[in-house]
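Architecture at a glance
Letter by letter, the chains look like this.
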Amino acid sequence: MGGGFFLAAVVVFAGIVVLFKAVRMVPQGYEWTVETFGKYTRTLAPGLHILMPIYQGVGRKINMMEQVMDVPSQDVITKDNAVVKVDGVVYFQVLDAAKAAYEVAQLEVAILNLVMTNIRTAIGSMDLDESLSKRDEINAKVLTAVDHATHPWGLKVNRIELKDIQPPRDLIASMQQQKMAEQNKRAAVLEAEGVRQSAILRAEGEKQAAVLEAEGKREASFREAEARERLAEAEAKATQMVSDAIASGNVNAINYFIAQKYIEAFKSLAEAPNQKFILMPMESAGILGSLAGITELAKEALSHQQANKPPAMPRSGG
């Protein structure tokens, strides 16, 4: 009786174990490989599957989602023998579970070593300035090389990003000094260019002002000469009239001419800036006689014009 109960318990336990071995559920985002007596036969997609116990079993459980792996910091020597510390990050995804499981051992370690090696190769072919300024180019080179190398493993490397490229501290200090010197040089050049432009503009302004001033003086001289010419013409005409009057025997014309010159001379003497007080003899009767001659001359000219004027036509009566 006791032996039969023990045997039944063993059979039940064995049935439960076989059931758990036969029924398998693959979670979403994973794929499992199936091995028959240790040999790969097929791949299980996410979902419920039934295996034949004893001679079939699960081989590898592969993560099919995109994965992120940090690249640790490493010392890299550039083309100009500068040592920099570089770290980064890798984004990859398994596309073929069987290849990722059986084509390479320790998949993540292999990817990591491959990325670090290609980073050293890419930066080692560049100068320090290029490695600091061409990070996108370095990322593209490393990505192309690593993706091509991992293709037989059933992988797709989506992105490789360098997080930090850190030169030595003394080199950073010298770079800062160089940058400051370049900025000071640029500022000095800009200041000199500003002074030069200001001098050019000032010279052009002075040139234009001189040209305008010369043109103004030229125009004023022209107008002054024109005024003098007109005055000379008027004086010549007056002199001619006086000469004609003298030639005709008119004594008042002589008095007019002498009185005019006398008054002009006296006006010039009175307007002189170095004369404060003037005492001079003056014959009032002579001046008055000259003025009377001017009046008589004017009356004669007016009467002569009226005599030469044609008589008005008589108006006819209504």
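Residues numbered from 1 in each chain as written. Predicted model: local features only at pLDDT ≥ 70, side-chain atom pairs only at ≥ 80, totals over all residues. Heavy atoms only, no water.

One open sheet holds the three strands; their spatial order is β6-β7-β8, and the pairing between them is antiparallel. Unpaired on one side and paired on the other, β6 (67-77) and β8 (155-166) mark the two borders of the sheet. Ignoring strand direction, the axes of neighbouring strands in this sheet form an average angle of 20 degrees. As judged from the 10 bridges shared by strand β7 (residues 83-94) and β8, these two strands associate in the antiparallel manner. Bridging across to β8, G88 finds its partner in L162. Its contacts with the sheet put helix α3 (residues 107-124) on β6, β7 and β8, and the angle it makes with β6 is roughly 40 degrees. (Pairing = 2+ DSSP bridges. Helix = DSSP H or I, 4+ residues; strand = E, 2+ residues; numbered from the N terminus. Axes fitted to C-alpha atoms, helices over the stretch in contact; angles between N-to-C directions. Contact = heavy atoms within 4.5 Å.)

A few words on a nonpolar patch on the surface. A grouping of L19, V23, M25, L48 and I50 is seen on the molecular surface, where their side chains present a nonpolar patch of about 560 Å² in accessible area. Those elements that provide at least two residues to the nonpolar patch are β1 (23-26) and β4 (47-50). With respect to the secondary-structure elements, L19 resides in helix α1 (residues 2-22). (Patch = residues over 30% accessible without salt bridge, like charges linked within 9 Å, V, L, I, M, F, W, Y side chains within 5 Å. Areas by Shrake-Rupley, 256 points an atom, 1.4 Å probe, with all protein chains shown as cover. Salt bridge = Lys/Arg side-chain N within 4 Å of Asp/Glu carboxyl O.)

Scanning all chains against the criterion turns up two aromatic pairs. When the centroid spacing of 5.6 Å and the interplanar angle of 25 degrees are considered together, the rings of F37 and Y55 count as stacked. Remark: Y55 occurs in the loop between β4 and β5 (56-63) and F37 occurs in the loop between β2 (30-36) and β3 (39-44); sequence separation between them is 18 residues. Judged by relative accessible area, which is 69%, F37 ranks as exposed. Here Y40 and Y102 contribute two aromatic rings whose centre-to-centre distance is 5.5 Å and whose plane-to-plane angle is 50 degrees, an arrangement assigned as tilted. With Y40 in strand β3 and Y102 in helix α2 (residues 97-102), this residue pair connects regions lying 62 residues apart in the sequence. One Lys or Arg, K61, reaches over the ring of W32 and ends 4.5 Å from the middle of that ring. In this structure, R159 packs its charged tip against the face of Y91, placed 4.2 Å from the ring centre. (Phe/Tyr/Trp six-rings, centres within 6.5 Å; stacked < 30°, edge-to-face > 60°. Buried < 20%, exposed > 50% of the residue type's maximum accessible area, 1.4 Å probe, protein only. Lys NZ or Arg CZ within 6 Å of the ring centre and 35° of its normal.)

Our next topic: the packing of α3 against helix α5 (residues 135-150). The contact between α3 and α5 brings their axes to 9 Å, and the two run at 140 degrees. Judged by the angle between their axes, α3 and α5 are oblique. Crossing hand, α3 versus α5: right-handed. Contacts from L114, V115, N118, I119, A122 and I123 in α3 reach I138, V142, A145, V146, A149 and T150 in α5. (Parallel < 35°, antiparallel > 145°, perpendicular 65-115°, else oblique. Left-handed = near helix turned anticlockwise from the far one by under 90°.)

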